[in-house]
Amino acid sequence: MTSSPIPWVDLRPGEDRAAVDAAIRRVLDRGWYVLGPEVDAFETEFAQATSSGQTIAVASSTDALTLILRALGIGPGDEVITTALSAVYTAQAVMMAGARPVFADIDPERLTLDPTAVATLVGPRTAAVMPVHLYGQPADVTALRTLTQLHGLALIEDCCQAHLATCDGVPIGMTGEAAAYSFYPTKNLGALGDGGAVCTGNAELAAWIRRLRNGGQTERNHHTEPASHSRLDELQAAVLRARLPHLRDWTTRRRALAGRYRAGLVGSVVSVPPELDAGHVYHLFPIRTAARDALRAHLRAQDIDTLVHFPVPMPAQPAFASVSPQPCPLADAVCGELVSLPLYPGLDDRAVDRVLAAVADWPGPDRD
Ligand SMILES: *Cc1c(COP(=O)(O)O)cnc(C)c1O
């Protein structure tokens, strides 16, 4: 029997192909490449899609988080409590702002920042709490907001894996001071390169971030503060505008694929993290097994590609060696067991069934 390989992700345009081609041509024909009409329009459209007050498009989400911290006045001497399980960029942004990340352990079911663990780490230097809506599942922002309000802290949401997700029916990114999104190609809404955005309901914060992304400029040739450049270019904005109208359908498709995986994995030797909120948007579909490497090899032998998100808990990254003594045993344990199955809107049901069959004929952690 021959069957085609199942990649972990496929980033070639599909039903959006004609719109993406037209968007690129439109920018070339106009000859305007930085901070122009495409970025303006994308900012309006993305703010609408995410129900946020304002969107400021920037070069990456790492920059978005860094600029939010800077505009909130958070820097040297301040601590930001964040999750031990995320893409490393969440905490890199804290470092780039000059502040110190403090890692809290995760909720063992939700795999996102545990509000109880956060509560034990709040101290005199704590300035903000930064949850991540990991894998598309919303973090418990309701509990985290209660905590940040009690202590007068900022709440900054990392929404990079969770475009259009909701938490208890409320769109993510609206509970705290500001939220950061990434449009890195693999994200639920991806560009043809790097891109990111800040979403916030705070007009003053938005205006400051607009200056910070553009050389500290308030008007042409008038620069009020030191700043770098961090801008989404017109070409990427146009591509994102072509894709944004598909995002709701793509999200529905992700949820359907995840549902098929879930149904097929009932009673399996692998364990599947529960869906704790119907607003989960399934950026990834991680499963857990104590013999992760053996399962990956078994799937690879059947031409099924997987990835690990994430193999190393953030406190163990050398980048944070100077700042991260906190033990996070739950994140440590989970990092050794996670494996992300193929999941993207263009994946078909037959491919999911092949992955399920391959997992079903894996003997399991004890006998492989
Ligand atoms: C991708 C990602 C980032 C970084 O986004 P960039 O746009 O590549 O800077 C940060 N946090 C999380 C949770 C991510 O998944």
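Since the model is a prediction, treat every value here as computed from it, not as a measurement.

The rules we used
- Residues numbered from 1 in each chain as written.
- Predicted model: local features only at pLDDT ≥ 70, side-chain atom pairs only at ≥ 80, totals over all residues.
- Heavy atoms only, no water.
- Buried < 20%, exposed > 50% of the residue type's maximum accessible area, 1.4 Å probe, protein only.
- Helix = DSSP H or I, 4+ residues; strand = E, 2+ residues; numbered from the N terminus.
- Contact = heavy atoms within 4.5 Å.
- Polar contact = N/O pair within 3.5 Å; in protein donor to acceptor, adjacent residues only side chain to side chain.
- 1 Å grid on protein atoms, 1.4 Å probe; cavity = no way out; pocket = protein on both sides within 12 Å on 5 of 7 lines; lining within 4 Å.
- Points joined across faces, edges and corners; volume = space filled by probe spheres on them.
- Nonpolar A, V, L, I, M, F, W, Y, C, P; charged D, E, K, R; others polar.
- Domains from an automatic or database assignment.
- Core = buried A, V, L, I, M, F, W, Y, C linked by side-chain atoms within 4.5 Å.
- Pairing = 2+ DSSP bridges.
- Right-handed = clockwise from strand over helix to strand, strands pointing away.
- Near = heavy atom within 4 Å.
- Areas by Shrake-Rupley, 256 points an atom, 1.4 Å probe, with all protein chains shown as cover.
- Sits in = over half its atoms within 2 Å of the grid points.

Draft legend 1. Broad picture of helix H8 (residues 234-243). Among the 10 residues in H8, eight count as buried, and that is most of the element. Considered for burial, the residues of H8 that qualify are Glu234, Gln236, Ala237, Ala238, Val239, Leu240, Ala242 and Arg243. For H8, the secondary structure elements touched by its buried residues are helix H1 (17-30), helix H2 (37-49) and helix H9 (247-264). Backbone nitrogen of Leu235 and a side-chain oxygen of the N-cap are separated by 3.2 Å at the start of H8; the cap is Asp233.

Draft legend 2. Molecular detail of empty space enclosed by the protein. Within the structure shown, the criterion is met by two cavities of 30 Å³ or more. Considered as a void within the structure, the largest cavity measures approximately 100 Å³ in volume. Looking at the largest cavity, it is lined by 14 residues, and the ones nearest its centre are Tyr135, Gln137, Pro273, His280 and Pro286. When its residues are assigned to classes, the lining of the largest cavity shows nine nonpolar, two polar and three charged. Looking at which domains feed residues into the lining of the largest cavity, each of domain 1 (17-245) and domain 2 (246-361) supplies at least three. Put simply, the second largest cavity is a space of about 40 Å³.

Draft legend 3. Broad picture of the layout of surface pockets. By volume, the largest pocket is sized at about 540 Å³. As for the largest pocket, its lining consists of 26 residues, of which Ala87, Tyr89, Tyr184, Lys187 and Phe310 are closest to the centre. Residue assignment for the lining of the largest pocket shows that the elements contributing at least two residues are helix H3 (61-71) and helix H4 (89-96). In terms of residues, the lining of the largest pocket owes the most to one element, H3, which gives three residues. Residues of the lining of the largest pocket, tallied by class, amount to 11 nonpolar, 12 polar and three charged. Two domains each put at least three residues into the lining of the largest pocket: domain 1 (17-245) and domain 2 (246-361). Of the pockets and cavities examined, the second largest pocket occupies roughly 420 Å³. The wall of the second largest pocket is formed by 22 residues, among which Asp10, Leu11, Arg12, Trp250 and Pro345 lie closest to the centre. Split into classes, the residues belonging to the lining of the second largest pocket amount to 10 nonpolar, five polar and seven charged. Residue assignment places the lining of the second largest pocket across two domains, with domain 1 (17-245) and domain 2 (246-361) each supplying three or more.

Draft legend 4. Spatial organisation of the nonpolar core. Leu69, Ile74, Val80 and Ile209 are the most contacted members of the largest nonpolar core, which has 26 residues in total. Breaking this core down by element, the ones donating at least two residues are strand E1 (54-58), H3, H4, strand E4 (126-130), strand E5 (154-158), strand E8 (178-182) and helix H7 (203-212). Looking at this core element by element, the count peaks at six residues for H3. Setting aside residues no more than four positions away along its own chain, Ile209 makes contact with Ile56, Leu67, Ile68, Ala71 and Val198. Among the nonpolar cores identified, the runner-up in size contains 25 residues, and Leu257, Ile287, Ile304 and Ala358 belong to it.

Draft legend 5. Layout of the pairing of E5. When you tally the buried positions in E5, you get five out of five residues, the bulk of the element. Relative to E5, E4 is paired through two bridges, and the arrangement is parallel. Residue pairing across strands places Val129 opposite Leu155, the latter belonging to E5. Where the polypeptide runs from E4 across helix H6 (residues 141-151) and back to E5, its parallel neighbour, the crossover connection is right-handed. Across three bridges, E5 lies against E8 in parallel orientation. When the sheet's bridge partners are listed, Ile156 is paired in E8 with Ala178.

Draft legend 6. Inspection of unusual backbone geometry at higher detail. Residues His309 and Phe310 are joined by a peptide bond in cis, for which omega reads 10°. Backbone geometry at Tyr282 places phi at a positive 50°, although glycine is not the residue there. Locating Tyr282 in the fold gives a position in the loop between H9 and strand E12 (285-288). The class for Tyr282 is buried, based on a relative accessible area of 2%.

Draft legend 7. Region of the structure containing the site of the ligand. Taken together, 14 residues surround the ligand, and among them Ser61, Thr62, Asp158, Ser182 and Lys187 come closest. Contacts to the ligand include Ser182, whose side-chain N or O atom sits 2.7 Å from an oxygen atom. If the ligand stood free it would expose 390 Å²; the protein chains cover 93% of that surface. The site holding the ligand turns out to be the largest pocket. When contributions to the shell around the ligand are tallied by element, the ones reaching two or more residues are H3 and H4.

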